[in-house]
Every structure is written in C-alpha cells, then in structure tokens.
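Here's the letter readout for the chains.
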Amino acid sequence: MSSVRVRFAPSPTGFFHIGSARTALFNWLYARHTGGTFVLRIEDTDKERNSEQFLNVIYDSLTWLGLTWDEGPKVGGSFGPYRQSERADIYREFLAKLTAAGRTYEKDGAIWFKLLGERYEVFDDHRKKTVTKVRTAPSVIDDRIRGRVERVEDEDFVIFRSDGNPVFHFVNVVDDIAMQITHVIRGEDHLSNTSKHVELFKAFGAPVPQFAHIPLILKQNGPGKMSKRDQGALIEEYQRRGYIPEALVNFLSLLGWNPGDNREKMPIAEIVRLFDLPGVNQSNARFDDKKLAHMNMAYLLELPADAFVAKAREYFAGQTENAAARTALAADEAYFREVMLLSQPKIKGLEELPAYTVYFFTEEFPIDAKVRDKVLAKGEPKARLGELIEALPTIDFSTDTTVEDGLKQLIAAKGLGFGDYQAVARLALSGTNVGPSITGMMRVLGRDRVKARFERFLAS
RNA sequence: GUCCCCAUCGUCUAGCCCGGUCCAGGACACCACCCUUUCACGGUGAGAACCGGGGUUCGAAUCCCCGUGGGGACGCCA
C-alpha cells in the first residue's frame, strides 16, 4: 500500500448528485491507481441542514457505484471517527493550538482566524459594506491539474460559529491534517477556498497536501453548473431507472478525463490502470444524457444471459407502481427468462422492458390503433392470418429456427413473402409493430397462445 | 464589482506541454444508404470545430499578449 491518502468528504444536505459522484470517483480512481487509501468522511457540521436520510443516500449511491471506501463510516479505520459531528473534541484541541499561537480572536460571539499583515478598511461594492482587509502575501497553490495558481487571501474569516460549531474551512483542514490526507481532489468550485485552507495549514505548521481541482459538470441545458435540482442530476435516479452502475462509472470517468486514445468503453480495471491526475482536463464538461444512455445500452447488450435476467428481475421488482411489471414478475421463472433474453438485444435500457414485454404476460395488452389501421389497409391480412392458423399444427415450436422453417414452408406453398404474414401476425400477437423477432415471439408464447390470439384477432 | 479558472465539431474529446506528419482524428446526437422478418443492434457515408485580434516564427490549433465568451468564488453553507 502506498502512502497516498485521499478522501471524499460529502455533506448530507441533499441528494447525491452526478458532480459529487464524479468527485468521489476520481478520488477512488486515484487511490486505486496508486494503491493508496480512499477515505470517506462525512462533513455534517451544519446541524440545521443535515439528515440521516441523505446520509444513507450517500452510502447507498457509493456502494451501488462500486466506490468502496477503505476508511470511514461503517468500515472504521485508525483515524476515526469519520463523521465530523463526532469529532468536536479534536476541533477544540486544534482550536486551542491556533489560539495559543495568537491566530484567533472573538467577534460577535464567533471565533475568527487572524491573518498576518497590515490592516486597512475598504468599502466592498459587492457586499455593500466596509470591511477590514489585511495585506498578505499571495498563497501559492501548486495544483496537480491547474498548475501554479496564486490567490490572495486578505480577510479574516470565521472558524467557529457563535453557536459553538466549527465551520467547513476549519474542520476540512483539521481533518485533512489529522487523517494525514496527502492529496485533496475536489471540484473547481473549491479553488477559491484553497487560499483559506493553505493559510490554515501553515498556521498549524502542517504540510500542505497536494491539491487537484477537477473541472465542474455543467447542466445540459441552460447556464451554470449542474445542481441537485437539474434533470438527471441524481444518482439514485439512475439506480431507480435500472442503469448499469458500471456504465455510469465508465461515462463519468470520461467527463474530464480520457485514456489518451480513442477508447471509451473500458473495464474499470483498465480505467484504474490508466487514470492519473495530470490526465484530467481543465475545462468544464457539459452533461450529456444521450451519451450516457448509449453507454448503458452497450453494457446491457454484452451482459451474460444470467446477469441480464437477474438485472431485469431486479428492475421489475423495483417497479411496484407498474402493473405490467408486477404481472411479469408473477409469471413462471423460466418463461420470464425467455422473454427477457428475447428482448435483451432490442432495448436501450431496462426501463423499456415492462412496456416492451407486456403482451407476453397478459391477454389484456393494448392494441395500437394506428398500427392496426396501417396493417389492415394493406393486402389481405386477415386471409393471411387464416392461413397461418391452418399451418400452425404443422409448425415445430421447439426453436426459433424450426418456427422459421415452418413459416417458410407456408410462404413457399402460397408463393408469397415473409412480409405478408409478419406484420399481421405481430399485430395479432403483440398489438404493435415493434418487438423481438416474430419467430422468437411465437416460440416463447407457444402454439396454443399464438393460435388463440390469431383467432381472437380474426374475430375482432 | 473584485479575485480565480477555462476556451477544438451541437455535446464529450484527441492533438497543445516538446510549433511543421492536422485543408484537425474518435465518440454521442442528427441525416442518407446498406443489412433486415417489425423495431433495434451493426456497417458505410455525409454535414459539422481550432472564439476574435495582435505578436513571435520560414511556419501556430499548438508559444506570448489583449479582447470576448463561459464557469467558479466572494456566508457565522459545504
């Protein structure tokens, strides 16, 4: 194990979103790439806005994505506790050090961090008030992604609120020191905070960690960075919609990073092998759900049969509000499997499955009126269906190929084309014009059900 | 307003560090065609970009400067 220690430090103040997941992923990737340690630390110092529900969403989402942490809540570690709400003593201790060094003062009931340098007053246009500034040397940040960044930190800031709770900048730095974090990999929105953090590290006499500020993910439509309210922003939404976590991770890894060649779909082990901080882009990336969906389809397509059926079953089980899903789940297991495998090469996402397969599980499936009119308008579809019914006893239903052979014999005998039978048979069987191959459909439905549906359609 | 970051097809990006191999490559999306038993998958092809202006240089997507544009920060939120 290398000496690299990175941390992902979310605060449970809202649902877990894409941007947070990507930050977690890049930390995780760096830890795995270097053989280092990935620490999960919960920054829950703002008692007003935290909730256990959001905390569980963080655990669930990280676990679902496969971003397992080496130290943190649930798994422990030698630098715990890993929830800041449980580290009050540590913060008091560190505060005492700062106070002993003469770097703090009290104002309005809060404790402030005192910058070193000459003080002067100036009117701040933006905040519309007079503020006290300090002449300080610029903080130099040697960022592993941005390069050298200079920023002047010229105002004292609060480190303990008047309610006695420590503030983000303080706990963040204290914990990075206490947990011996070597690399701080976080969103670029923190770049301007970094000078505060550097001043604190220095005041503590602690080594400043390596910083790596990754680009932000911008919302797909409209200006600004992606926020929790945006369409498609929440990880749990993808979980609910049956996305393959590996596909989401693969997609996320490509938002701001690439392997240096044209490859996109890659196993996670390969991403881990190639990932490094200097390879991360400096510019923000716009989220593109179409590309994500495409990646998901690619993963779905190559899932082994057992895995696909298991995923499908899991997805259906989660759709408790969906009548089609409930009905499908109640069906015979082997039959369910056949239906799913027939559909696997056809769908773009698991969420299509209940509607896509509804007619396999019930006789009460909807008939698409437009398709019906279209099919009925051409040729003599009902006559063809009658011929099919006659031929049914001679068709071998054991495999797709035998069904196909049977159909071909009929077609040859009548001197017609496949298309003359396909559309009407499909309509009678499924009520629509999209679906798996007609031969596979017939085989899975079975002779009796096929016959009944053909006859019912003729009678209608 | 101040400070910081960024800038290649509509989008994600390769190329930039180490100027010439780039009339700029790949992917998603879109369009056309092919495959086909519907719908997809797949295949082939088309359209589509170096933000603008200066400079350095024999030569700049690549280096420098200035604009402009985009993003972020400026909380007793994190």
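Structure's up top.
All of these numbers come straight from a predicted model, not from anything done at the bench. (Residues numbered from 1 in each chain as written. Chains lettered and ligands numbered in written order. Predicted model: local features only at pLDDT ≥ 70, side-chain atom pairs only at ≥ 80, totals over all residues. Heavy atoms only, no water.)

Asks: Explain the environment of Ile 214 to me, and be specific about the residues and the numbers.
Replies: Structurally, the position occupied by Ile 214 is in strand β11 (residues 210–214). Accessibility expressed as a relative area gives 1% for Ile 214, which makes it buried. Along the backbone, Ile 214 and Ser 283 are 69 residues apart, and their C-alpha atoms lie at a distance of 8.5 Å. Residues within four places of Ile 214 in sequence aside, it is in contact with Arg 22, Thr 23, Phe 26, Ile 145, Arg 146, Ile 185, Arg 186, Gly 187, Glu 188 and Val 280. (Helix = DSSP H or I, 4+ residues; strand = E, 2+ residues; numbered from the N terminus. Buried < 20%, exposed > 50% of the residue type's maximum accessible area, 1.4 Å probe, protein only. Contact = heavy atoms within 4.5 Å.)

Asks: Lay out the pairing of strand β5 (residues 118–124) in plain terms, naming residues and giving numbers.
Replies: Both β5 and strand β6 (residues 129–135) contribute to a ladder of seven bridges, which runs antiparallel. Within β6, the residue paired with Phe 123 across the bridge is Thr 130. Hairpin remark: β5 followed by β6, antiparallel, with four residues in the connecting loop; positive phi at Lys 128, about 55 degrees. (Pairing = 2+ DSSP bridges.)

Asks: Which residues make up helix α7 (residues 245–253), and what values go with them?
Replies: The α-helix winds at 3.6 residues per turn, so residues separated by three or four positions along the chain end up facing the same way. For α7, the buried fraction is high: eight of the nine residues fall into the buried class. Listed as buried for α7 are Pro 245, Ala 247, Leu 248, Val 249, Asn 250, Phe 251, Leu 252 and Ser 253. Buried-residue contacts for α7 involve α1 (18–34), α2 (52–65), α6 (235–240), α8 (268–274), α9 (289–301) and α10 (305–318).

Asks: I'd like a description of the nonpolar core, backed by residues and values.
Replies: Counting 106 residues, the largest nonpolar core has Met 340, Phe 360 and Phe 454 as its most contacted members. The residues touching Met 340, leaving out its near neighbours within four places in the chain, are Phe 308, Val 309, Ala 312, Phe 316, Leu 353, Thr 357 and Phe 361. (Core = buried A, V, L, I, M, F, W, Y, C linked by side-chain atoms within 4.5 Å.)

Asks: How would you summarise the packing of helix α16 (residues 400–414) against helix α18 (residues 438–445) if you had to cite specific residues and measurements?
Replies: Contact pair α16 / α18: the axes reach a minimum separation of 8 Å and the direction vectors enclose 110 degrees. One finds that α16 runs roughly perpendicular with respect to α18. Crossing handedness for the pair α16 and α18: right-handed. Of α18, the residues touching α16 (which contributes Asp 400, Val 403, Glu 404 and Leu 407) are Thr 439, Gly 440, Met 442 and Arg 443. Tallied by class, residues from the contact of α16 with α18 come to three nonpolar, two polar and three charged. (Axes fitted to C-alpha atoms, helices over the stretch in contact; angles between N-to-C directions. Parallel < 35°, antiparallel > 145°, perpendicular 65-115°, else oblique. Left-handed = near helix turned anticlockwise from the far one by under 90°. Nonpolar A, V, L, I, M, F, W, Y, C, P; charged D, E, K, R; others polar.)

Asks: Tell me about the side chain of Asn 27, and please be specific about residues and values.
Replies: One can find Asn 27 in helix α1. For Asn 27, a relative accessible area of 0% translates into the label buried. A polar atom in the side chain of Asn 27 sits 2.9 Å from the backbone oxygen of Ile 185. Setting aside residues up to four positions removed in sequence, Asn 27 forms contacts with Val 6, Arg 7, Phe 38 and Ile 185. (Polar contact = N/O pair within 3.5 Å; in protein donor to acceptor, adjacent residues only side chain to side chain.)

Take it as geometry only, folks, not as evidence of what the structure does.
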